[in-house]
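# Tertiary structure, described
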Amino acid sequence: MNWDDTTDPAADDRLVGPVADGEDQAVEAALRPKDLDEFIGQEKVREQLDLVLRAARARGATADHVLLSGAPGLGKTTLSMIIAAEMAAPIRITSGPAIQHAGDLAAILSSLQEGEVLFLDEIHRMSRPAEEMLYMAMEDFRVDVIVGKGPGATAIPLELPPFTLVGATTRAGLLPPPLRDRFGFTAHMEFYERGELQRVVHRSAGLLDVEIDTAGAAEIAGRSRGTPRIANRLLRRVRDYAQVKADGVITREISRAALAVYEVDGRGLDRLDRAVLEALVKLFGGGPVGLSTLAVAVGEERETVEEVAEPFLVREGLLARTPRGRIATPAAWAHLGLTPPQQATAGNGQQDLFGT
């Protein structure tokens, strides 16, 4: 339903990973909502964006530049396509890592049609020379093309037709202020509530011609980590299980059995997440323990633990990052069915300097 394609370097290919692979992208193309009324969730963003687009249409002008930030899989690419559809304009899609030189950006900008929407995914990863060229293009609809080198170089101004830039980023803090200030509308995409994800699952099941009951949809939604892309991926895997092991109808029992096969537990944790928690709790008594040591204990790279597993564990309140290292919270012990030692429960899960 609501997803975006991202090229984040910390992307993982797990079943509960938020980044789309080739299969996801192919399925998402068929499931994407086509307008704001069909888009589920992000109520405030939808309301604000609807006003921006309606006002632009009433003026007969192109819409303001739009910046969408938030975690992968929440709908940034989908919203960019909806913006183009609502404005009855074509859309051009590219990404920050693909624009390594100012000339790359100039080639794209010079070929835009009037009113066209340019979607720039992972905009924070664009090269600095291209970023500086984008400032003038966004503000004045003009770029200066440098011809020649050295003292004889000449800047030739190139006028651009009015266009709408939709920038998407998973790390808004990396955008320089001059670039952020040139967007007329900015929005942050929030993680979804379980009820919203349940609606996502129901709608996708209908489009995939899968029979699912309310309890089955709720079970999938509860394990989807607040992300529609993950909800749809889990739905497809549960559909496969239901077709092979049952009568094709997805119920709560079928959802639980299917996701047990894929090692996704009731809170959406998978094998890697549980391995991190179990190492922290069983090998190191709940911590604190250094990231490198923890990574060695679970047989993964340091970056994998830090950028793939930890964000969700921290958001769920199962792991905490402290100056002394990672610690397991009482909720982590409870999730693993264990009782934390006395010092782990004192002082909000942190031991004092001498471990007393």
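Provided above is the structure to which this section pertains.
Predicted model, so just to flag it, every value in this text is computed and none were measured.

## A look at the overall build of the protein
Of the regular secondary structure elements, the protein holds 15 helices and eleven strands. When burial is assessed residue by residue, the protein has 50% of its 356 residues classed as buried. Counting only carbon and sulfur atoms, one obtains 51% of the accessible surface of the protein, whose full area is about 16000 Å².

## Thoughts on the packing of helix α12 (residues 291-298) against helix α13 (residues 302-315)
Each pair of packed helices can be described by the angle between their axes along with the distance between the axes. Remark: α12 packs on α13, axes separated minimally by 8 Å, with the N-to-C direction vectors making an angle of 90°. On the basis of the axis angle, α12 is roughly perpendicular to α13. Judged by residue contacts, Leu291, Ser292, Leu294, Ala295 and Val298 of α12 engage Arg302, Val305, Glu306 and Glu310 from α13. Here the residues of the contact of α12 with α13 sort into five nonpolar, one polar and three charged.

## Concerning the pattern of salt bridges
Under the counting rule described, the total for this entry stands at 17 salt bridges. Glu43 is the partner of Arg46 in a salt bridge, and the nearest nitrogen-oxygen pair spans 3.1 Å. Taken together, the positions of Arg46 and Glu43, both in helix α2 (residues 43-59) and three residues apart, correspond to about one turn of that helix. In this structure Glu43 comes out as partly exposed when scored by relative accessible area, which is 42%. Here the residues in one salt-bridge network are Glu219, Arg223 and Arg256, joined through shared partners.

## Some details on the sheet that holds strand β1 (residues 66-69)
Spatially, five strands are ordered β2-β3-β6-β1-β7 in an open sheet, and the strand pairing comes out parallel. Edge positions in the sheet fall to β2 (91-95) and β7 (185-188), since each of these pairs with one other strand and no more. Going across the sheet, the axis of each strand differs from the next one's by a mean of 15°, ignoring polarity. Alignment of strand β3 (residues 117-121) against strand β6 (residues 164-169), held across four bridges, turns out to be parallel. Across the sheet, residue Leu118 finds its bridge partner in β6, namely Leu165.

## Examining the packing of aromatic side chains
Here a ring pair, both rings aromatic, is described through the centre-centre distance and the interplanar angle of the planes. Per the counting criterion, the structure on display carries one aromatic pair. Residues Phe141 and Phe163 carry aromatic rings whose centres are separated by 5.5 Å and whose planes lie at 80° to one another, so their mutual orientation is edge-to-face. Taken together, the positions of Phe141 in the loop between α5 (128-140) and β4 (142-147) and Phe163 in the loop between β5 (154-159) and β6 put the pair 22 residues apart, joining distant regions of the chain. Over the ring of Phe312 we find Arg225, and its NZ or CZ is 3.8 Å from the ring centre. Of note, Arg315 hangs over the ring of Phe191, and the distance from its end group to the ring centre comes to 3.6 Å.

## Some words on the environment of Met136
Take Met136: it is sitting in helix α5. Taking the C-alpha atoms as reference points, Met136 and Arg182, 46 residues apart in sequence, are found 9.5 Å from one another. Not counting the four nearest positions on each side in its chain, Met136 is found in contact with Phe141, Arg142, Val143 and Asp144.

## Concerning a nonpolar patch on the surface
Judged by side-chain polarity, Val145, Ile156 and Leu158 come together as a nonpolar surface patch covering roughly 200 Å² of accessible area. Within the secondary structure, Val145 sits in strand β4.

## A closer look at the nonpolar core
Counting 46 residues, the largest nonpolar core has Leu49, Leu79, Ile212, Ile220 and Ile250 as its most contacted members. With seven residues, helix α9 (residues 228-245) is the single largest residue contributor to this core.

## So, the pairing of strand β10 (residues 319-322)
In terms of strand pairing, β10 meets strand β11 (residues 325-328) through four bridges, oriented antiparallel. Across the sheet, the residue bridging to Thr322 is Gly325, located in β11. Connecting β10 to the next strand, β11, in antiparallel fashion are two residues.

## Observations concerning unusual backbone geometry
One non-glycine residue with positive phi stands out, namely Arg225, at about 60°. On the secondary structure map, Arg225 appears in the loop between α8 (214-222) and α9. Phi angles above zero are rare outside glycine, and Glu263 is one such case at about 60°. Relative to the helices and strands, Glu263 resides in the loop between α10 (252-261) and α11 (271-283).

Analysis parameters
Residues numbered from 1 in each chain as written. Predicted model: local features only at pLDDT ≥ 70, side-chain atom pairs only at ≥ 80, totals over all residues. Heavy atoms only, no water. Helix = DSSP H or I, 4+ residues; strand = E, 2+ residues; numbered from the N terminus. Buried < 20%, exposed > 50% of the residue type's maximum accessible area, 1.4 Å probe, protein only. Areas by Shrake-Rupley, 256 points an atom, 1.4 Å probe, with all protein chains shown as cover. Axes fitted to C-alpha atoms, helices over the stretch in contact; angles between N-to-C directions. Parallel < 35°, antiparallel > 145°, perpendicular 65-115°, else oblique. Contact = heavy atoms within 4.5 Å. Nonpolar A, V, L, I, M, F, W, Y, C, P; charged D, E, K, R; others polar. Salt bridge = Lys/Arg side-chain N within 4 Å of Asp/Glu carboxyl O. Pairing = 2+ DSSP bridges. Phe/Tyr/Trp six-rings, centres within 6.5 Å; stacked < 30°, edge-to-face > 60°. Lys NZ or Arg CZ within 6 Å of the ring centre and 35° of its normal. Patch = residues over 30% accessible without salt bridge, like charges linked within 9 Å, V, L, I, M, F, W, Y side chains within 5 Å. Core = buried A, V, L, I, M, F, W, Y, C linked by side-chain atoms within 4.5 Å.

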